[in-house]
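Okay, here's what each chain looks like letter by letter:
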Amino acid sequence: MHQTEEQRRAYLEALGIDVWLPRDHADPDPGIAEVAPAQESPDWDALREAVAACTRCSLCESRTQTVFGVGSPDADWMIIGEAPGAEEDRRGEPFVGRAGKLLDEMLRAVGQGRDRAFVANILKCRPPNNRDPKAEESAACRGYLERQIELVNPRIILAVGRVAAQLLLDTDTPVGRLRGSLHHLGDIPLVVTYHPAYLLRSPSQKRKAWDDLCLAMRVANGAKA
Ligand code: SF4
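Worth saying up front: this structure is predicted, and the values here are computed from it rather than measured.

Student: Sorry if this is basic, but what is going on with the overall build of the protein here?
Tutor: Of the regular secondary structure elements, the protein holds 9 helices and 6 strands. Relative to its 225 residues, the protein shows a buried fraction of 51%. Contacts in the protein between residues far apart in sequence, at least 24 positions, make up 74% of those at least 6 positions apart. Just so you have it, the protein exposes about 11000 Å², and 47% of that area is on carbon and sulfur atoms.

Student: Would you mind going over the nonpolar core with me for this structure?
Tutor: Looking at soluble globular proteins, one finds that nonpolar side chains tend to be buried together. In this structure, Trp77 and Ile79 are the most contacted members of the largest nonpolar core, which totals 60 residues. Tallying contributions element by element places helix α9 (residues 206–220) first for this core, with 9 residues. Aside from chain neighbours lying at most four places away, what touches isoleucine 79 is Leu103, Leu107, Ala117, Phe118, Val119, Ala120, Leu158 and Val160.

Student: Teacher, can you tell me more about the environment of proline 94 here?
Tutor: Residue placement: proline 94 occurs in the loop between α3 (86–91) and α4 (97–109). Aside from chain neighbours lying at most four places away, what touches proline 94 is Val67, Gly69, Val70, Glu88, Arg114, Val119, Ala120 and Asn121.

Student: Would you mind going over the environment of aspartate 43 with me for this structure?
Tutor: Within the secondary structure, aspartate 43 is located in helix α2 (residues 42–52). Sequence separation between aspartate 43 and leucine 151 is 108 residues, and the spatial gap between their C-alpha atoms is 8.1 Å. In contact with aspartate 43, other than residues within four places in its own chain, are Arg147 and Leu151. In this structure the side chain of aspartate 43 is engaged in a polar contact, spanning 3.5 Å, whose partner is the side chain of arginine 147.

About the thresholds
- Within every chain, residues take consecutive numbers counted from 1 along the sequence as written.
- Residue-level local features of this predicted model are given only where pLDDT is at least 70; pairs of side-chain atoms are given and counted only at 80 or more, and the full residue set underlies all totals for whole chains, interfaces and linings.
- Side-chain measures were taken over the full set of non-hydrogen atoms in the model, leaving aside hydrogen atoms and water.
- Going along the chain from the N terminus, every DSSP run of H or I of four or more residues is numbered as a helix, and every run of E of two or more is numbered as a strand.
- For the exposure calls, accessible area comes from a 1.4 Å probe over protein chains only, and a residue counts as buried if that area is under 20% of its type's maximum, exposed if over 50%, partly exposed in between.
- Two residues qualify as a contact provided that any one of their heavy atoms is within 4.5 Å of a heavy atom in the partner residue.
- Note that accessible areas follow from Shrake-Rupley with a 1.4 Å probe, and for residues the cover is restricted to the protein chains shown.
- What is meant by a nonpolar core is a set of buried Ala, Val, Leu, Ile, Met, Phe, Trp, Tyr and Cys residues, joined one to another through side-chain atoms within 4.5 Å.
- Identification of polar contacts relies on pairs of N or O atoms within 3.5 Å, with a donor-acceptor requirement for protein atoms, meaning one able to donate a hydrogen and the other able to accept it, and with residues adjacent in sequence counted only if both atoms are side-chain atoms.

So, in structure tokens, the structure goes:
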């Protein structure tokens, strides 16, 4: 179903963002008809099984379950965070809880609900006490994410938060300097934005996150960034 202007305004207001839309992108979801959900292929099944049984790093010992990722296997948008937290580990789904709800609201505001995008993390298992991923863990797990990116082949990747952005772009530049410009992962354009958990703590940054989503939307829709 197409988003109405009213719905979009409601989302933005829910985020605490003053409604502002660039003139040439007044409709973030132009002409996209409702489509049947894409079916996953045998490649996806094999990948899903490999992740579920993975013991490549020691996080397999403390996880409740792996968190593979959710969404459409042929999504235009791929959202990548760092690793599952406690709630994600319990539920087997990335970005749940308050931060996940905020991310969902942000994505819906640009016409990319969780069912249309593909949402995943770099690590598929929860690091204990929500510590940052260790280099050897992200190296061990990276192949799964790379295969997911290959299978989804998105038009845009949104790297969410410092850890995901720095790991994906192999840099230690602060997220505040990575956001606001276009990067690439191979051939795929990549935009960096703040983690929704950070936005919950620093609501004044939501406006910048909205700008990041607008940049991603322009790129995904084929306009020059
Ligand atoms: S974090 Fe990744 S590499 Fe480590 S056990 Fe989990 S799925 Fe395997």
